[in-house]
Amino acid sequence: MKRSTQVFTVSALAAALAACGGSGSDSSGQTGTVSMGLTDAPTMDLSSVNVAFNAIRLKPVDGPWQEFSLEEVGIIDLLTLQGGVTEPLITDEEVPAGEYEEIRLIVDTEQSWVTKESDGDAHYTLAVPSGEQSGLKLKGSFIVAADTSQSFTIDFDVRKSIVNPQGKALADYMLKPVLRLVNNLEVGQLTGEVDYATILQARNEDPEQLDCSPQYEGAVYVYQGEIEEPVDLNVEREGLNPLMVIPVTEQEDGSLHEWTAAFLTEGTYTISYSCQLDDNETDDEIEFEGTQTLDVIAGETTVAAPIPLQL
């Protein structure tokens with residue numbers, strides 16, 4: 001399997017992915033080629049999320065399903081697909097030109113599992129409701145223009161998709177997929193650095209601030225648009241939520257930590273950093289710092305100011 005690092009991004013699934021003309025399904029027999037890749041907006045609680053993909057199906061508005069085997073792709077650890085890394089699913093496959101309305105990813109539940117950092121190599125079962133029958137569904141419009149080659153990326157947001165069910169459940173963890181589709185020509189990315197050592201020391205010395213969570217170096221929260229005050233992630237909450245939560249990683253020289261938010265459509269975003277752990281199913285009391293508003297331009301990388309901000 002060949003993984004690639006590219007500057008792609010995430011857009012609202014409902015948005016039309018216009019690409020070089022074309023409207024509606026083409027009945028003249030014309031075709032185009034399409035490529036689909038998979039990426040992940042990062043999670044923090046698990047050390048691996050392994051999903052076995054069997055097939056991908058594409059549904060033209062006015063035509064039958066187009067299905068392609070993913071047997072060679074096999075089992076993918078979604079947590080390896082972060083910071084702009086993608087896993088090709090299909091490459092330059094010929095399909096009818098025209099408008100498409102849905103994508104489905106068929107998975108093998110019995111071959112899918114997760115692991116936790118604290119439990120080493122122990123496997124926990126992962127239930128994917130209807131994953132083997134109707135598959136994981138992405139509803140929304142995109143265009144495959146005639147006589148062109150177009151590439152899209154599916155963002156599988158693991159942090160928002162994995163829940164830990166209480167009581168009786170089909171498995172140890174449940175997958176309620178949050179999927180988004182993006183046109184690879186319409187995206188950019190954000191990147192930056194965090195001085196975690198300075199933040200850790202300052203919080204330890206200031207009784208008015210929350211301490212950083214033990215053995216956790218923090219994450220950068222990314223929000224669409226300009227917002228007044230950042231909030232934690234809670235998939236059960238209606239209203240404002242971060243678009244993605246990016247764990248920071250230590251640089252090779254150990255001096256600073258870095259982060260990259262890939263797969264962002266062109267527009268304005270707010271970012272902020274927290275070093276407290278965040279449960280994705282509850283409202284958590286966490287503190288933010290380094291909040292700033294940035295513009296993303298398609299095909300470019302926007303560099304944020306280092307955190308903590310120099311005032």
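All values reported here derive from a predicted model rather than from experimental measurement.

K.L.:
I keep staring at helix α2 (residues 196-205) and nothing clicks. Help me out?
P.N.:
It helps to recall that an α-helix has 3.6 residues per turn; residues three or four apart then point in one direction. Taken as a whole, α2 has its buried residues at Y196, I199 and R203. For α2, the arc enclosing every buried residue in end-on projection is 65°, short of the 170-degree limit, so these residues lie on one face. The outward face of α2, more than 90 degrees from its buried face, is lined by the exposed residues N204 and E205. Of the surrounding secondary structure, the elements contacted by the buried residues of α2 are β15 (187-194), β19 (257-265), β20 (267-274) and β21 (289-296).

K.L.:
For this particular structure, what's the right way to read the pattern of salt bridges?
P.N.:
Side chains that carry opposite charge are capable of pairing whenever their charged atoms lie near each other. Overall, the coordinates contain nine salt bridges when judged by the stated rule. A salt bridge links R180 to D155; its shortest N-O distance comes to 3.0 Å. Taken together, the residues R180 in strand β14 (residues 179-183) and D155 in strand β11 (residues 149-156) connect sequence positions 25 residues apart. Using a relative accessible area of 9% as the deciding quantity, one classes R180 as buried. A salt bridge links E287 to R203; the shortest N-O distance between them is 2.6 Å. With E287 in the loop between β20 and β21 and R203 in helix α2, this pair connects stretches of sequence that are 84 residues apart. Here the residues in one salt-bridge network are E102, R104 and K139, joined through shared partners.

K.L.:
Looking at this structure, how should I read the environment of T115?
P.N.:
Counting through the fold element by element, T115 comes out in strand β8 (residues 98-115). Using a relative accessible area of 8% as the deciding quantity, one classes T115 as buried. Residues T115 and S47, 68 residues apart in the sequence, show an inter-C-alpha distance of 5.5 Å. Of note is the side chain of T115, whose polar atom sits 2.8 Å from the side chain of S47. A polar side-chain atom of T115 sits 2.5 Å from a polar atom in the side chain of S48.

K.L.:
Sorry, what's going on with the packing of aromatic side chains here?
P.N.:
Two measures describe an aromatic ring pair: the distance that separates the ring centres and the angle between the ring planes. This model, assessed by the stated rule, comprises four aromatic pairs. Residues Y100 and F142 carry aromatic rings whose centres are separated by 5.3 Å and whose planes lie at 20° to one another, so their mutual orientation is stacked. Note that Y100 is positioned in strand β8 and F142 in strand β10 (residues 136-144), a separation of 42 residues in sequence. On the basis of relative accessible area, F142 is assigned to the buried category, the value being 1%. Between Y221 and F288 the ring centres are 5.1 Å apart and the planes differ by 85°, which places this aromatic pair in the edge-to-face class. Pair noted here: Y221 is in strand β16 (residues 219-224) and F288 is in the loop between β20 and β21, with a separation of 67 residues, a long-range link. Here the two residues Y221 and F288 agree in accessibility, since each one is buried. Taken together, the ring pairs connect Y100, F142 and F152 into an aromatic cluster. Sitting above the plane of the Y124 ring, K116 keeps its charged end 4.9 Å from the centroid.

K.L.:
Where do I start with the sheet that holds β21 in this structure?
P.N.:
Through backbone hydrogen bonds, the strands of a sheet pair up, either in parallel or in antiparallel fashion. The antiparallel open sheet is built from four strands, whose spatial order is β17-β16-β20-β21. Because the sheet does not close on itself, it has two edges, and the strands there are β17 (244-247) and β21. Pairwise comparison of adjacent strand axes, ignoring direction, gives a mean angle of 25° for this sheet. Sheet topology places β16 next to β17; four bridges connect them, and they run antiparallel. Looking at β17, one finds that V222 is bridged to M244.

Procedures and definitions
- Residues numbered from 1 in each chain as written.
- Predicted model: local features only at pLDDT ≥ 70, side-chain atom pairs only at ≥ 80, totals over all residues.
- Heavy atoms only, no water.
- Buried < 20%, exposed > 50% of the residue type's maximum accessible area, 1.4 Å probe, protein only.
- Helix = DSSP H or I, 4+ residues; strand = E, 2+ residues; numbered from the N terminus.
- Arc of directions from axis to C-beta.
- Contact = heavy atoms within 4.5 Å.
- Salt bridge = Lys/Arg side-chain N within 4 Å of Asp/Glu carboxyl O.
- Polar contact = N/O pair within 3.5 Å; in protein donor to acceptor, adjacent residues only side chain to side chain.
- Phe/Tyr/Trp six-rings, centres within 6.5 Å; stacked < 30°, edge-to-face > 60°.
- Lys NZ or Arg CZ within 6 Å of the ring centre and 35° of its normal.
- Pairing = 2+ DSSP bridges.
- Axes fitted to C-alpha atoms, helices over the stretch in contact; angles between N-to-C directions.

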